[in-house]
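Per-entry structural report
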Amino acid sequence: MPAPFLSAPSRLSKHTPLLCGLALTRIIGWGSTYYAPSVLAGYLDREMGLGPELVFSGITILLLTGAFAAPALGKHLDVHGTRRSMCVGAVICGLGLATLALAQGPVSYLASWFVIGIGHAMTLANVGNVTVAQVMGERTRRALGLMMLVTGFSSSVFWPLAAFLSQAYGWRVAWLIFAAMQIVIVLPIHFAIPAYHRSPAVEAVAEPAKTVDAGSAPHAQRRGIFWLLALIFSASGLVSWGLPLNLIALLQSSGLSQASAVGIASLGGPATLLARLVDAVAGERFPVERVALGGLALGPLACLIMVFAPGSAMTAITFVVCFSAAMGVISVARATLPLALFGRQGFGAMLGKLAVPQNIAFAVAPLLFAVMIESMGNRATLVASAAIQLVGFLAMLRLVRLMRRA
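This structure is a prediction, so every number in the text was calculated from the model and none was measured.

Calculation rules
- Residues numbered from 1 in each chain as written.
- Predicted model: local features only at pLDDT ≥ 70, side-chain atom pairs only at ≥ 80, totals over all residues.
- Heavy atoms only, no water.
- Axes fitted to C-alpha atoms, helices over the stretch in contact; angles between N-to-C directions.
- Helix = DSSP H or I, 4+ residues; strand = E, 2+ residues; numbered from the N terminus.
- Parallel < 35°, antiparallel > 145°, perpendicular 65-115°, else oblique.
- Left-handed = near helix turned anticlockwise from the far one by under 90°.
- Contact = heavy atoms within 4.5 Å.
- Nonpolar A, V, L, I, M, F, W, Y, C, P; charged D, E, K, R; others polar.
- Core = buried A, V, L, I, M, F, W, Y, C linked by side-chain atoms within 4.5 Å.
- Buried < 20%, exposed > 50% of the residue type's maximum accessible area, 1.4 Å probe, protein only.
- Phe/Tyr/Trp six-rings, centres within 6.5 Å; stacked < 30°, edge-to-face > 60°.
- Lys NZ or Arg CZ within 6 Å of the ring centre and 35° of its normal.
- pLDDT = per-residue confidence, 0-100.
- Expected span 1.5 Å × (residues − 1).
- Bend = angle between axes of the 7 residues up to and from the residue.
- Patch = residues over 30% accessible without salt bridge, like charges linked within 9 Å, V, L, I, M, F, W, Y side chains within 5 Å.
- Areas by Shrake-Rupley, 256 points an atom, 1.4 Å probe, with all protein chains shown as cover.
- Salt bridge = Lys/Arg side-chain N within 4 Å of Asp/Glu carboxyl O.
- Lys, Arg positive; Asp, Glu negative; His and termini not counted.
- Charge placed at Lys NZ, Arg CZ, Asp CG, Glu CD.

Where helix α2 (residues 16–48) meets helix α3 (residues 52–80), the axes come as close as 8 Å, and the angle between the chain directions of the two elements is 155°. Regarding the angle of α2 to α3, the classification is roughly antiparallel. Here α2 and α3 pass one another in a crossing that is right-handed. Packed against α2, whose contacting residues are Thr33, Tyr34, Pro37, Ser38, Ala41 and Leu44, the element α3 presents Val55, Phe56, Ile59 and Leu62 at the interface. Here the contact of α2 with α3 is composed, by residue class, of eight nonpolar, two polar and no charged.

Okay, the nonpolar core next. Among the nonpolar cores identified, the biggest contains 48 residues, and Leu243, Leu251, Phe319, Leu341, Met396 and Leu399 are the most heavily contacted of them. When residues of this core are traced back to their parent elements, those giving at least two are α12 (222–240), α13 (247–253), α14 (258–265), α16 (288–308), α17 (313–342), α18 (347–376) and α19 (378–405). No other element matches the eleven residues that α17 contributes to this core. Excluding anything up to four places from it in sequence, Leu341 contacts Gly215, Ser216, Ala217, Arg222, Ile225, Leu229, Leu399 and Met403. Counting 40 residues, the second-largest nonpolar core is a separate cluster that includes Ala90, Leu124, Trp241 and Phe362.

Let us look at the packing of aromatic side chains. Tallied over the full model, the rule gives ten aromatic pairs. With a centroid separation of 6.0 Å and 90° between ring planes, the pair formed by Trp171 and Trp175 is classed as edge-to-face. Taken together, the positions of Trp171 and Trp175, both in helix α9 (residues 171–191) and four residues apart, correspond to about one turn of that helix. The exposure class of Trp171 is buried, given its relative accessible area of 3%. With a centroid separation of 5.1 Å and an interplanar angle of 80°, the aromatic rings of Phe226 and Trp227 are classed as edge-to-face. Given the relative accessible area of 11%, Phe226 is considered buried. With relative accessibility at 51%, the residue Trp227 sits in the exposed group. By the ring-pair criterion, three or more aromatic residues cluster together here, those being Trp30, Tyr34, Tyr35, Trp241 and Phe362. In this structure, Arg46 packs its charged tip against the face of Tyr43, placed 4.9 Å from the ring centre.

Per-residue pLDDT for the protein chain has a mean of 82; in total, 89% of the residues score no lower than 70. When pLDDT is averaged over each helix and strand of the protein chain, the minimum, 44, is found for helix α10 (residues 200–206) and the maximum, 95, for α9. Overall, residues 1–9 carries pLDDT values under 50, and its contacts beyond four positions in sequence, including any with other chains, amount to 17 contacts.

With 30 residues, α18 extends 40 Å between its outermost C-alpha atoms, agreeing within 8% with the 44 Å of an ideal straight helix rising 1.5 Å per residue. A bend of about 40° at Ala365 is the largest found in α18, and the proline Pro366 appears one to four places after it. With its phi angle positive at about 95°, Gly377 sits one or two positions after the end of α18.

Where nonpolar side chains cluster on the molecular surface, the patch consists of Val91, Leu95, Ile183 and Val184 and spans about 350 Å² of accessible area. At the level of elements, α4 (83–101) and α9 are the ones that each hand at least two residues to the nonpolar patch. Checked against the element boundaries, Ile183 lands in helix α9.

This part is about a positive patch on the surface. On the surface, a cluster of positive charge is contributed by Arg290, Arg398, Arg401, Arg404 and Arg405. Sort the elements by how many residues they give to the positive patch and α19 lands first, with four residues. Residue position: Arg405 is located in helix α19.

Our next topic: the side chain of Thr82. For Thr82, the position within the fold is in the loop between α3 and α4. Apart from residues no more than four positions distant in its own chain, Thr82 is found in contact with Leu77, Val127, Val130, Thr131, Gln134 and Ile193.

Attention now moves to the pattern of salt bridges. What the rule picks out here adds up to one salt bridge. Across the pair Arg172 and Glu47 runs a salt bridge whose closest N-O atoms are separated by 2.8 Å. Here Arg172, found in helix α9, pairs with Glu47, found in helix α2; they are 125 residues apart in sequence, far enough to count as distant. Classification of Glu47 as partly exposed rests on a relative accessible area of 47%.

What follows is the structure in structure tokens.
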């Protein structure tokens, strides 16, 4: 049983190997599912006639499956811990990826993504965050920040890896190798997660004053705060999962060449990672809700800069860096803000409930933004993006004011 009385530094040092392992499993999990189709889509189109819309519908199925599985799964994690779920999920992910490698048409292709979605829901995102919270105690915020920082390298690792494997051996072998990674690498790491023993009485005696256990949100206002969080994360997620997919085309339409657009768009990754690093290192000095408020303010401002001062490389750089930094801060807040407000008790159930509106927003975002750009144009889409993010900012401002009165 994890010792609740361990000091913060000893918790961090004791579990460093496990945290590094979990970071590796996140890179593999997100890289082999969310990022790999971007590289392998052309092969799927040529061999099975699957167009881009159908290829990326697999990601939509993955996210929607996770949304519907999350509430029940979250309650299970609070009672039984995450080790069993993550081990079973790794096996299911491996089976799903292997099935994907054997797909012969649209039906088997999309059915494979349903299987992967179940495994994905049992191993990544919320489940990994609950694992960190159950293991790290009061050091959870920093640990989550560092984990998400490392996860940002998923695309940097798996885009070139998927390209190399598909060119050298074919796309089917590439996904079979990704399936094998789940069994050979991910599963043993998940077995190393400590057994979880729910013991509220011990926690209450050992850490009576720790807000990380009880949370800072007043109990009478928690229902309203939950819906504010759902609105904040869904609004910001709608933009962060929809706009970046069209970023290069948007920059080109502002007058930049393709080479310039690609080069400037590539600055988004380092900006996101830098924002996550700053939050992980210095974020504990500030209330997480105020850090999130800053990120939510920066996002719409970045979009409006691009609207009112388009056409120059400097404007494009400012837009990409500011927008990506804002999204980096908010992505960390999605994991750390519910913990700060509601505490570790029931953390899995809380994240499970929040995952429903979030994942639905994530799932519809790519299609929604493709339609908006086609029907409204880039300039109007940027204005709409700013407006959607402003809704999240105003909701966050309301939450900050509620917490100030508490």
